[in-house]
Amino acid sequence: MSNQPLNLAFIGGGVNSAVGYVHFSAAHLDNKFQVVAGAFSRDPNNNSLTAAQWGIATDRTYNDWRKMIDNEQENIDAVVVLTPTPHHLEALQYLLKKNVPVICEKALVCGSEEAAKLLQLYDPKKHFLAVTYNYSGYAMVRELKNIIKQGKLGTLQKIHLEMPQEGFKRPPDIAGKPSLPQAWRLKDYSVPTICLDLGVHLHHLSSYLLECEPTETCAQFANHSEYANLIDDVSMLLKYPNNVTGSMWMSKTAIGHRNGLEVRIYGTLGSARWYQLNPDELELQFNDGRREILDRAGQCQYANQFRYNRMKPGHPTGFVEAFANLYTDIHQALSNFKAGRPNTNEYVFGLEQAKQGLDLFSAAKRANHSKTWESVG
């Protein structure tokens, strides 16, 4: 794996962004990337403030993202799109037309219709497009994938995923200031925004662990917050190939859950549970009655790699480090792309996975209306 840092430019992600500093920190953590240019905010003051905090040269800080791309495309290796999801399509279309490699914050776009517009432009032979689903960057999630592939859980039968949060009932207090929902999150688009915000993570984890896509879903959408006419709680049942069943629950109104992301998966020989607030432990149960809690100090066959152990076990890894793991994988995939080699990195996902997730939530929207099972796609 090459250690040569690649150069990035950001669109969005300024000091007023929810995810910008996470991407900046993660991209730099393992010295795989360096941010060298950006149009960080439509607000000139926030744009300048971000550049100053991150050490970006004034002459490489732009108020117009199109001008930045035109001026910088020969000097950068990729552009990271960090604007709110409703503004992704315009930037992605511009970047694809100019054949600039793209790293895009999830959700890629607002629905299947917008994904179809990208498909009209996208050519995998000349375009690089990676979408950042960072939860599969956690070492113990990757350990779980390895356990499944080795058959230790037997034939898979069920998967249950949930991501409850309380932000619409009890806004989080960050550095002494209440963090109110961003305006774009208070409007639904062709699929509910909660599905773009939370649901795409659950879809990605299910696809990543099962290595297949759901075929049917039924769903119930609800509103439990003060934001009228906004879906803020979604429950879904799922059918997968090979008689695998599942469920997803996502909520912005579940008091007591800061971010209760949890995955439970069941097979004929055992089951596993991973909980994001306790990220270094994987709970395993087997049909002979054994119970095991596996962490990086245990008998890991995957998570014991040096790249996942920046600090010894007992010092838990976290969200930014999971993002950094993903950025390391993207670095490898992008380096291969630039060298004309195929991308063989199993952790880098792009347009196809994004569209599959959006198709799932389009089906869920139909199912909520029809009150019956709907086919996906």
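None of these values were measured; they are calculated from a predicted model. (Residues numbered from 1 in each chain as written. Predicted model: local features only at pLDDT ≥ 70, side-chain atom pairs only at ≥ 80, totals over all residues. Heavy atoms only, no water.)

## Structural notes on the overall build of the chain
No. 1: Along the backbone of the chain there are nine helices and 16 strands.
No. 2: Relative to a compact globule of 377 residues, whose C-alpha radius of gyration would be 21 Å, the chain shows 20 Å and is just as compact.
No. 3: By principal-axis analysis of the C-alpha atoms, the chain measures approximately 65 × 50 × 45 Å.
No. 4: Counting every position in the chain, which comprises 377 residues, the buried fraction comes to 55%.
No. 5: Sequence separation of at least 24 residues holds for 69% of the intrachain contacts in the chain that already meet a minimum separation of 6.
No. 6: Here the chain displays about 16,700 Å² of accessible surface, and carbon together with sulfur accounts for 48% of that area.
No. 7: Counting 38 positive and 38 negative side-chain charges, the chain places the centres of these two groups 1 Å from one another. (Helix = DSSP H or I, 4+ residues; strand = E, 2+ residues; numbered from the N terminus. Rg over C-alpha atoms; globule rule 2.2 N^0.38 Å. Buried < 20%, exposed > 50% of the residue type's maximum accessible area, 1.4 Å probe, protein only. Contact = heavy atoms within 4.5 Å. Areas by Shrake-Rupley, 256 points an atom, 1.4 Å probe, with all protein chains shown as cover. Lys, Arg positive; Asp, Glu negative; His and termini not counted. Charge placed at Lys NZ, Arg CZ, Asp CG, Glu CD.)

## A few points about the sheet that holds strand S4 (residues 102-105)
No. 1: On the basis of which strands lie adjacent, the open sheet formed by five strands has the order S2-S1-S3-S4-S5 and parallel pairing. Both edges of this open sheet fall to strand S2 (33-39) and strand S5 (129-132), since each of them pairs with a single strand only. Each strand of the sheet is rotated relative to its neighbour by a mean of 25°, with strand direction disregarded.
No. 2: Relative to strand S3 (residues 78-82), strand S1 (residues 6-12) runs parallel, the two sharing five bridges. Across the sheet, residue Gly12 finds its bridge partner in S3, namely Leu82.
No. 3: Here helix H1 (residues 20-29) sits on the sheet and contacts S1, S2, S3, S4 and S5; the angle it forms with S2, its principal contact strand, is near 150°. (Pairing = 2+ DSSP bridges. Axes fitted to C-alpha atoms, helices over the stretch in contact; angles between N-to-C directions.)

## Quick look at the pairing of S4
No. 1: Of the two faces of S4, the one lined by Val102 and Cys104 and the one lined by Ile103 and Glu105 are each fully buried.
No. 2: Taken together, S3, helix H4 (residues 88-97) and S4 form a β-α-β motif whose crossover is right-handed.
No. 3: Examined bridge by bridge, S4 and S5 share four bridges and lie parallel to one another. Each bridged residue has a counterpart across the sheet, and for Ile103 the counterpart in S5 is Ala130.
No. 4: Following the chain from S4 across helix H5 (residues 112-121) to the adjacent parallel S5, one finds a crossover that is right-handed. (Right-handed = clockwise from strand over helix to strand, strands pointing away.)

## Comments concerning the pattern of salt bridges
No. 1: Throughout the structure, instances matching the rule amount to 20 salt bridges.
No. 2: In this structure, Glu90 engages Arg66 in a salt bridge whose closest nitrogen and oxygen atoms are separated by 2.2 Å. Taken as a pair, Glu90 in helix H4 and Arg66 in helix H3 (residues 65-72) lie far apart in primary sequence, 24 residues in all.
No. 3: Given a relative accessible area of 41%, Glu90 falls into the partly exposed group.
No. 4: For Arg66, a relative accessible area of 31% translates into the label partly exposed.
No. 5: For the salt bridge of Glu262 with Arg273, the shortest nitrogen-to-oxygen distance reads 2.7 Å. Placement of Glu262 in strand S12 (residues 262-267) and of Arg273 in strand S13 (residues 270-275) is noted, with a sequence separation of eleven residues between them.
No. 6: Sharing partners across several salt bridges, the network here consists of Lys106, Arg185, Asp197 and Lys252. (Salt bridge = Lys/Arg side-chain N within 4 Å of Asp/Glu carboxyl O.)

## Points about the nonpolar core
No. 1: Formed by 87 residues in total, the largest nonpolar core has its most connected members in Leu108, Met236, Met248, Met250 and Ile265.
No. 2: No other element matches helix H7 (residues 193-210), which puts ten residues into this core.
No. 3: The residues touching Met250, leaving out its near neighbours within four places in the chain, are Met163, Ile194, Cys195, Leu198, Gly199, Leu202, Asp232, Asp233, Val234, Met236 and Phe361.
No. 4: Membership of the second largest hydrophobic core comes to 27 residues, among which are Trp54, Ala130, Tyr327 and Leu334. (Core = buried A, V, L, I, M, F, W, Y, C linked by side-chain atoms within 4.5 Å.)

## Remarks on the sheet that holds strand S15 (residues 291-294)
As a general point, the strands of a sheet are linked pairwise by backbone hydrogen bonds and lie either parallel or antiparallel.
No. 1: One open sheet holds the nine strands; their spatial order is S15-S14-S13-S12-S6-S11-S10-S9-S16, and the pairing between them is mixed. Sheet topology places S15 and strand S16 (374-375) at the edges, where each strand pairs with a single neighbour.
No. 2: Where S13 meets strand S14 (residues 282-286), four bridges bridge the pair, whose relative direction is antiparallel. In the strand pairing of S14, Arg273 is matched with Glu283.

## Details of the side chain of Arg296
No. 1: Position of Arg296 relative to the elements: it lies in the loop between S15 and helix H8 (319-338).
No. 2: On the basis of relative accessibility, which here comes to 5%, the residue Arg296 falls in the buried class.
No. 3: Among the polar contacts listed, one links the side chain of Arg296 to the side chain of Asn309, at a separation of 2.7 Å.
No. 4: A polar contact of 2.9 Å, which involves the side chain of Arg296, links it to the backbone oxygen of Met311.
No. 5: Setting aside residues up to four positions removed in sequence, Arg296 forms contacts with Met140, Asp280, Ala303, Tyr308, Asn309, Met311, Lys312, Pro313, His315, Pro316 and Thr317. (Polar contact = N/O pair within 3.5 Å; in protein donor to acceptor, adjacent residues only side chain to side chain.)

## Digging into the environment of Ala324
No. 1: Following the sequence through the fold, Ala324 ends up in helix H8.
No. 2: Residue classification places Ala324 among the buried positions, given a relative accessible area of 1%.
No. 3: With residues near it in sequence (within four places) discarded, Ala324 still touches Ala26, Leu29, Asp30 and Arg310.

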